[in-house]
Amino acid sequence: PPANCYNDIYLHIENQLRQNEENRIDSKDTYKKLGLEMDAPGHELFEKMSLVVRHFGQNLPPFQRVDNGSSPIYYKWDVNTNKAYAVRDAFHKIKDPESREWNDKPCEPMFGGALCAKTDKDGNMQIEC
């Protein structure tokens, strides 16, 4: 094999895995799914969500309805549709201030890091998967 062949292949694979990890749409980080910073103002949330959802091929008009033809009754479920719904779900987790506050709370690892615990406003600990 040519000189440094194994090293070049290793570096290429390592770079591809790093890029893939950075761009994972199914990550648990809500802001990463939307492509926003954690301190993004509220008015940017819908704009960015609609831009990302349209990038995945879904129609997202403000008054989306089935009966006026602006929305299909059933979307063709493929990888892009799953990604678009993941982005929409992320948007709904942070669209109002109360749910955004909950989402932004740090996670306390429980049971060896298998689960995430957060404390609500009443002081109760809630465990999330």
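Here's what I pulled together on the structure shown here. Quantities reported herein were computed from a predicted structural model and do not represent experimental measurements.

### Brief notes about the packing of helix α4 (residues 79–94) against helix α5 (residues 97–104)
Move 1: Their axes nearest at 6 Å, the elements α4 and α5 cross at an angle of 105°. Overall, the two elements α4 and α5 adopt an arrangement that is roughly perpendicular. Facing His92, Lys93 and Ile94 of α4, the residues of α5 in contact are Ser99, Arg100 and Asn103.

### Details of the pairing of strand β3 (residues 125–128)
Move 1: Direction of pairing for strand β2 (residues 115–119) relative to β3: antiparallel, over a ladder of 4 bridges. Bridge pairing in β3 links cysteine 116 to glutamate 128.
Move 2: Between the antiparallel neighbours β2 and β3 lie 5 residues, among them glycine 123 with a positive phi of about 90°.

### Some points on the packing of aromatic side chains
Move 1: Scanning the model with the defined rule gives 1 aromatic pair in all.
Move 2: The ring centre of tyrosine 85 lies 5.4 Å from the NZ or CZ of arginine 88, which sits over that ring.

### Topic: the pairing of β2
Move 1: The pairing of strand β1 (residues 108–110) with β2 spans 3 bridges and is classified as antiparallel. Looking at the pairing, methionine 110 lines up with leucine 115 of β2.
Move 2: Where β1 folds back on β2, the antiparallel hairpin that results is connected by 4 residues, among which phenylalanine 111 adopts a positive phi of roughly 55°.

### Overview of unusual backbone geometry
Move 1: For asparagine 4, which is not glycine, the phi torsion reads 60° and is therefore positive.
Move 2: You can see asparagine 4 is positioned in the segment before α1 (5–22).
Move 3: For asparagine 4, a relative accessible area of 54% translates into the label exposed.
Move 4: Backbone geometry places phenylalanine 111, a non-glycine residue, at a positive phi of 55°.
Move 5: Relative to the elements of secondary structure, phenylalanine 111 occurs in the loop between β1 and β2.

### Remarks on the sheet that holds β1
Move 1: In space, the 3 strands of this open sheet follow the order β1-β2-β3, with antiparallel pairing throughout. Of all strands in the sheet, those bounded by a partner on one side alone are β1 and β3. Here the average twist between neighbouring strands, direction ignored, is 40°.

### Observations regarding the nonpolar core
Move 1: In terms of nonpolar packing, the biggest core is built from 14 residues, with Leu34, Met49 and Val87 touching the most fellow members.
Move 2: Within the residue set of this core, elements represented by two or more residues are α2 (30–34), α3 (42–55) and α4.
Move 3: Residue contributions to this core peak at 5 residues, all from α4.

Here is what the cut-offs are and how they apply
- Residues numbered from 1 in each chain as written.
- Predicted model: local features only at pLDDT ≥ 70, side-chain atom pairs only at ≥ 80, totals over all residues.
- Heavy atoms only, no water.
- Axes fitted to C-alpha atoms, helices over the stretch in contact; angles between N-to-C directions.
- Helix = DSSP H or I, 4+ residues; strand = E, 2+ residues; numbered from the N terminus.
- Parallel < 35°, antiparallel > 145°, perpendicular 65-115°, else oblique.
- Contact = heavy atoms within 4.5 Å.
- Pairing = 2+ DSSP bridges.
- Phe/Tyr/Trp six-rings, centres within 6.5 Å; stacked < 30°, edge-to-face > 60°.
- Lys NZ or Arg CZ within 6 Å of the ring centre and 35° of its normal.
- Buried < 20%, exposed > 50% of the residue type's maximum accessible area, 1.4 Å probe, protein only.
- Core = buried A, V, L, I, M, F, W, Y, C linked by side-chain atoms within 4.5 Å.

Taken by themselves, the reported measurements are silent on function.
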